[in-house]
Amino acid sequence: MTKERLCLTLFIVSTAVGLSQSRSDGGLLPSVNLIHKSKGYAYNFRIESRQFVFNDPPSERSTFTYDYGLTDISGLVSKKVDFDKAVALGYLFRWNGNAIEHRFIQQFIVTRKYTDFKLAHRITTDQTFSQIEAPIYRLRYRVATEFPLSGDNVDVNEFYFKLNHEYLNAVQGSQYDLEIRILPFIGYEIAAGINIEIGIDYRVNSFLAKETEHRFFLGINWFKVL
Amino acid sequence: MRGIPQAVRECITAVLREESSRYRIKKMQYQFVGKPEVLLALLMRDSLEQLASNYELVVQVKVDNAYHIYEYLFDNSGKLTQRLEVMERNSFNIQF
C-alpha cells in the first residue's frame, strides 16, 4: 500500500468509527513545545489548551458553542539510558476552569530509526491529584511513527506524516476506564529544529460502560528546539 | 562485517574498542576506489575481488556517559582514515 493510500485509509477509518457511535464532542487542541538539550538531558516545556466548539449528546440536538476546556502547563526531563532508550520524569499543572490538578509523570521510551521511517514506543504511568476529585492512576502505552512524504528523510521545507496510537488505562477509586486515541497528523519542518503539525486527535472512552464518548479535536502542535 | 577479511576485521574492532567499551554497528558498506572507467569494467565482469575497497561504518558509541553516532572510514588494511560525527534529526515530536 502506498504511503498516500495508507494516510487516506486511516483518516476514513477514524472518521467512520466516530460517526457510527453516540455521544461526541470536540474542538481545538493547540500546543507549544519548547525543547532544550544539555549534558545528556533533554528538557521539554509544553503549554496545551483544550477548547470545545461542539457537543453532540445522544438525546438532544447538536450544539455548536464555544466552551473553554482546560489549560495544561507541563515540564518533562528525559535522559538516554541506552542507544535507543530513554527515561523521563515530569510534572503537569492543569486548570480546568473549576479546579487545579497536579499530575506526576514517569515515562520509558524506545525510539528506532529505520531506513525511511521512525518508530517510538512509549510507556507512561501518571498520577493525577486535585482537591475536588479522587486521585486518578493511569498506565499508558503509545506507539508513534513518522515518515517523510518525499524522499528518504525529512529535511527543511518538507512535509511528513505522523501517526500516534495510544491506549490509556485509568483507575479512579473503584472505577476503571479505557481510552483509545488515534492521532494522524501532517507535519512540516519550517527550519532545523522547528516543526509545525496539524491533524485530528480522536479519543474514545467509556466504551466499556453504557454510553461511549467520542472526542474529535483539531490538533495544532508547534515544536522548537532551543 | 563477515564479508571483511579476518585480519582487517580485527583491526577495525580494535579501533572501535579503543573508542568505547560500548558500541553498536548500525551499518557497514564497501567503498570501492579507483578510476570510474576501471571500476565500471570490473563491475561489469563481476570481478569484485580485484577492486580495492575502503570500509565505511556507521556506529553508535557511548563516550563519557553520552551517546554519539560516528561514521568511520577504514582503508582496505583496516587503518582508520576518517571519523565524522553524524548529527541526526531529533525525534522529540514522536517521543514527547
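Note that this is a predicted model, so its numbers are computed, not measured.

Looking only at helices and strands, chain A has one helix and 11 strands in total. Going residue by residue from the N terminus, the α and β elements of chain A occur as α-β-β-β-β-β-β-β-β-β-β-β. With 226 residues in all, chain A has 42% of them scored as buried. A total of about 12100 Å² of accessible surface is found on chain A, and carbon and sulfur atoms cover 63% of it.

All right, on to the overall build of chain B then. For chain B, the count of helices and strands is three helices and four strands. Its helices and strands taken in sequence order, chain B reads α-β-α-β-β-β-α from the N to the C terminus. The C-alpha radius of gyration computed for chain B amounts to 16 Å, which surpasses the reference 12 Å derived for 96 residues by more than 25%, pointing to a less compact arrangement than a globule. Counting only residues that meet the buried cut, chain B has 35% of its 96 residues in that class. For chain B, contacts bridging at least 24 residues in sequence account for 44% of all contacts bridging at least 6.

Glancing now at the pattern of salt bridges. Overall, the coordinates contain 22 salt bridges over all chains when judged by the stated rule. A salt bridge links A:Asp72 to A:Arg94, with the nearest nitrogen and oxygen atoms 2.7 Å apart. Of this pair, A:Asp72 sits in strand β3 (residues 67-82) while A:Arg94 sits in strand β4 (residues 85-95), placing them 22 residues apart in sequence. Summarising the burial analysis for this pair, A:Asp72 and A:Arg94 share the class buried. Here the salt bridges share partners, and the residues they tie into one network are A:Asp82, A:Asp84, A:Lys85, A:Arg112, B:Arg22 and B:Arg24.

So, about the sheet that holds strand β1 (residues 23-38) of chain A. A barrel is described by the order of its strands in space; here 11 strands give the closed sequence β1-β2-β3-β4-β5-β6-β7-β8-β9-β10-β11 (chain A), paired in mixed fashion. Geometrically, the sheet is characterised by an average inter-axis angle of 20° between neighbouring strands, direction not taken into account.

Moving on, we get to the interface of chain A and chain B. With 33 residues of chain A in contact, the opposing surface of chain B contributes 17 residues. Taken together, the two surfaces of chain A and chain B that pack against each other cover about 2100 Å², and 56% of this comes from carbon and sulfur. The interface formed by chain A and chain B contains four salt bridges. At the junction of chain A with chain B, the criterion picks out 15 residue pairs in polar contact (both at pLDDT 80 or more). Looking at the side of chain A that touches chain B element by element, the count peaks at six residues for β3(A).

Turning to the side chain of A:Lys118, a few remarks are in order. Within the secondary structure, A:Lys118 sits in strand β6 (residues 118-130). It turns out A:Lys118 is buried and unbridged, and the closest side chain with the opposite charge, A:Glu146, is 4.4 Å from it. Polar side-chain contacts of A:Lys118 include one of 3.1 Å to the backbone oxygen of B:Asn90. At 3.1 Å, the side chain of A:Lys118 forms a polar contact with the side chain of B:Ser91.

At A:Lys39, a position not held by glycine, the phi torsion is positive, near 50°. By the element assignment, A:Lys39 lies in the loop between β1 and β2 (41-56). Residues other than glycine seldom take positive phi values, yet B:Asn65 does so here, at roughly 65°.

With that out of the way, let us pick up the packing of aromatic side chains. Following the criterion strictly, the structure yields 15 aromatic pairs over all chains and no others. With a centroid separation of 5.6 Å and 50° between ring planes, the pair formed by A:Tyr91 and A:Phe104 is classed as tilted. Of the two residues, A:Tyr91 is situated in strand β4 and A:Phe104 in strand β5 (residues 100-113); the sequence distance between them amounts to 13 residues. Of the residues examined, A:Phe104 reaches a relative accessible area of 38% and is grouped as partly exposed. Among the aromatic residues, ring-to-ring pairing joins A:Tyr91, A:Phe104, A:Phe129 and A:Tyr137 into one connected group. In this arrangement the basic side chain of A:Lys162 is found over the ring face of A:Phe185, its NZ or CZ atom lying 5.7 Å from the centre. The cationic tip of B:Arg89 hangs over the ring face of A:Tyr160; the distance from NZ or CZ to the ring centre is 5.4 Å.

Okay, the nonpolar core next. Listed in full, the 12 residues of the largest apolar core are B:Ile4, B:Val8, B:Ile12, B:Val15, B:Leu16, B:Tyr55, B:Leu57, B:Val59, B:Val61, B:Tyr70, B:Tyr72 and B:Phe74. Counting only elements with at least two residues in this core, the list comes to α1 (6-19), β2 (52-63) and β3 (66-74) of chain B. Membership of the second largest hydrophobic core comes to 10 residues, among which are A:Ala42, A:Leu92, A:Phe223 and B:Phe96.

Glancing now at the confidence of the model for chain B. All names here are of chain B. Looking at chain B, pLDDT values average 85 and 93% of them are 70 or higher. Per-element confidence in chain B is highest for strand β4 (residues 80-85), whose mean pLDDT is 92, and lowest for helix α2 (residues 36-44), whose mean pLDDT is 78. Taken over the whole predicted complex, pTM reads 0.83, whereas the ipTM for its chain interfaces reads 0.75.

What follows covers the pairing of β4(B). Residue and element names in this part refer to chain B. Here five bridges tie β3 to β4, and the two strands are oriented antiparallel to one another. Its bridge partner being in β4, Tyr 70 is matched across the sheet by Glu 85. Taken together, β3 and the strand that follows it, β4, pair antiparallel across an intervening segment of five residues, in which Gly 78 is found at a positive phi of about 95°.

Among the structural elements, A:Ser150 can be located in the loop between β7 (136-148) and β8 (159-172). Distance from A:Ser150 to A:Ser49, taken between C-alpha atoms, is 32 Å for residues 101 residues apart in sequence.

Each value, and the rule that gives it
Residues numbered from 1 in each chain as written. Chains lettered and ligands numbered in written order. Predicted model: local features only at pLDDT ≥ 70, side-chain atom pairs only at ≥ 80, totals over all residues. Heavy atoms only, no water. Helix = DSSP H or I, 4+ residues; strand = E, 2+ residues; numbered from the N terminus. Buried < 20%, exposed > 50% of the residue type's maximum accessible area, 1.4 Å probe, protein only. Areas by Shrake-Rupley, 256 points an atom, 1.4 Å probe, with all protein chains shown as cover. Rg over C-alpha atoms; globule rule 2.2 N^0.38 Å. Contact = heavy atoms within 4.5 Å. Salt bridge = Lys/Arg side-chain N within 4 Å of Asp/Glu carboxyl O. Pairing = 2+ DSSP bridges. Axes fitted to C-alpha atoms, helices over the stretch in contact; angles between N-to-C directions. Buried area = accessible area lost by both parts, 1.4 Å probe. Polar contact = N/O pair within 3.5 Å; in protein donor to acceptor, adjacent residues only side chain to side chain. Lys, Arg positive; Asp, Glu negative; His and termini not counted. Phe/Tyr/Trp six-rings, centres within 6.5 Å; stacked < 30°, edge-to-face > 60°. Lys NZ or Arg CZ within 6 Å of the ring centre and 35° of its normal. Core = buried A, V, L, I, M, F, W, Y, C linked by side-chain atoms within 4.5 Å. pLDDT = per-residue confidence, 0-100.

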